[in-house]
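# A closer look at the structure
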2 protein chains.
Amino acid sequence: MMQVSEITWTETEKEIAQQAFKKAYDREIMALIDYVQDQSDKIAKIEDVWYLHDFLSARRHQIDGKYDYRYSVLLFVFAQLLKEGWLYLEDIQGLEREKVSKISALSRM
Amino acid sequence: MMQVSEITWTETEKEIAQQAFKKAYDREIMALIDYVQDQSDKIAKIEDVWYLHDFLSARRHQIDGKYDYRYSVLLFVFAQLLKEGWLYLEDIQGLEREKVSKISALSRM
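A short tour of the structure in this document, coming up. (Residues numbered from 1 in each chain as written. Chains lettered and ligands numbered in written order. Predicted model: local features only at pLDDT ≥ 70, side-chain atom pairs only at ≥ 80, totals over all residues. Heavy atoms only, no water.)

### Considerations on the overall build of chain A
Within chain A one finds four helices and zero strands. Overall, chain A shows an N-to-C arrangement of helices and strands of α-α-α-α. Compactness check: chain A gives a C-alpha radius of gyration of 17 Å against a globular reference of 13 Å for 109 residues, more than 25% above the reference. Along the longest, intermediate and shortest principal axes, the C-alpha atoms of chain A span 55 × 25 × 20 Å. Every one of the 109 residues in chain A was classed for burial, and the buried ones make up 42%. (Helix = DSSP H or I, 4+ residues; strand = E, 2+ residues; numbered from the N terminus. Rg over C-alpha atoms; globule rule 2.2 N^0.38 Å. Buried < 20%, exposed > 50% of the residue type's maximum accessible area, 1.4 Å probe, protein only.)

### Looking at the environment of Phe76(A)
All names here are of chain A. Along the polypeptide, Phe-76 turns up in helix α3 (residues 74-84). What makes Phe-76 partly exposed here is its relative accessible area of 41%. Through-space distance from the C-alpha of Phe-76 to that of Lys-102 is 8.8 Å; in sequence the pair is 26 residues apart.

### A word on the relation of the copies chain A and chain B
Copy one and copy two of the chain differ by a rotation about a common axis and a shift along it. If you rotate chain A by 180° and push it 0.0 Å along the axis, it lands on chain B with an RMSD of 0.0 Å. The transformation relating the two chain copies, once decomposed into turn and shift, fits a two-fold axis. A shared interface surface links the copies, since 100% of the contact residues of chain A are contact residues in chain B too. (Least-squares fit on C-alpha atoms with pLDDT ≥ 70 in both. Contact = heavy atoms within 4.5 Å.)

### Here we look at the interface of chain A and chain B
Between chain A and chain B, the contact holds 22 residues from the first and 22 residues from the second. Each partner contributes to the roughly 2000 Å² buried at the junction of chain A and chain B, and carbon and sulfur atoms together form 66% of this total. On the chain A side of the contact with chain B, Trp50(A), His53(A) and Arg60(A) bury the most area, a combined 33% of that side's loss. At the junction of chain A with chain B, the criterion picks out two salt bridges. Note that Arg60(B) and Asp54(A) form a salt bridge whose closest N and O atoms lie 2.8 Å from each other. Run the count over chain A and chain B and you get 13 residue pairs in polar contact (both at pLDDT 80 or more). (Buried area = accessible area lost by both parts, 1.4 Å probe. Salt bridge = Lys/Arg side-chain N within 4 Å of Asp/Glu carboxyl O. Polar contact = N/O pair within 3.5 Å; in protein donor to acceptor, adjacent residues only side chain to side chain.)

### Structural notes on the packing of aromatic side chains
Counted under the stated rule, the structure contains 14 aromatic pairs over all chains. Taken together, a centroid distance of 4.7 Å and an interplanar angle of 45° make the contact between Tyr35(A) and Phe55(A) tilted. Of this pair, Tyr35(A) sits in helix α1 (residues 11-41) while Phe55(A) sits in helix α2 (residues 46-66); the two residues are 20 residues apart in sequence, bridging distant segments of the chain. Assessed through its relative accessible area of 29%, Tyr35(A) is described here as partly exposed. Among the residues examined, Phe55(A) registers a relative accessible area of 17% and is labelled buried. A ring pair is formed by Tyr51(A) and Phe55(A), whose centres lie 6.5 Å apart and whose planes are at 25°; its orientation type is stacked. In this pair, Tyr51(A) and Phe55(A) both sit in helix α2, four residues apart, roughly one turn of the helix. Assessed through its relative accessible area of 40%, Tyr51(A) is described here as partly exposed. An aromatic cluster of at least three residues, connected via ring pairs, comprises Trp9(A), Phe21(A), Tyr25(A), Tyr67(A), Tyr69(A) and Tyr71(A). Sitting over the ring of Tyr88(A), Arg27(A) keeps its end group 3.8 Å from the ring centre. Stacked on the ring of Trp9(B), the Lys or Arg Lys99(B) has its end atom at 4.9 Å from the ring centre. (Phe/Tyr/Trp six-rings, centres within 6.5 Å; stacked < 30°, edge-to-face > 60°. Lys NZ or Arg CZ within 6 Å of the ring centre and 35° of its normal.)

Take it as geometry only, folks, not as evidence of what the structure does.
Have a look at this one:
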């Protein structure tokens, strides 16, 4: 059983984690912007506008909840981002092997 | 004092009113779509996406509340639309003079 609360992060690991977090966030945001602009170009009637609004409401809520940079939950956050394709394993190279293994394992759950 | 509840609408007036209502709605929606597409083209960062979301939340609420086609409130609705520039006086030509006068007067309040 993983004991997340006992995991410690070295300063180097914190830097790697912060950069990886930011990379994943930037990738997801860029994809979101692309999607919004693509959908916007296709708007022809009011229902398309309200669909875009509903979509943004849902995505905003998801993104606000998901990008939680607290070390107590960071392995779970990274696992989720890895699963969704916003984080790559190469982004977290340099974290101790145990953390990378846990992130990988969690991402397959 | 206006007695809105006592106002009656002939069948011809109802047809004119429905068409005027639809014209105003279509104009406002077209302007909204133009604005959304224009803003969307300018999105460069996530704050721009959330601004668009906030804007759509507000406009959806306004539009849902404003386009209320009940004869008991229609003079007020038309006055509001006239004031905002979505309805033109020529759209309501054919309504009895008394109604047009009330709509005009209310639109200047």
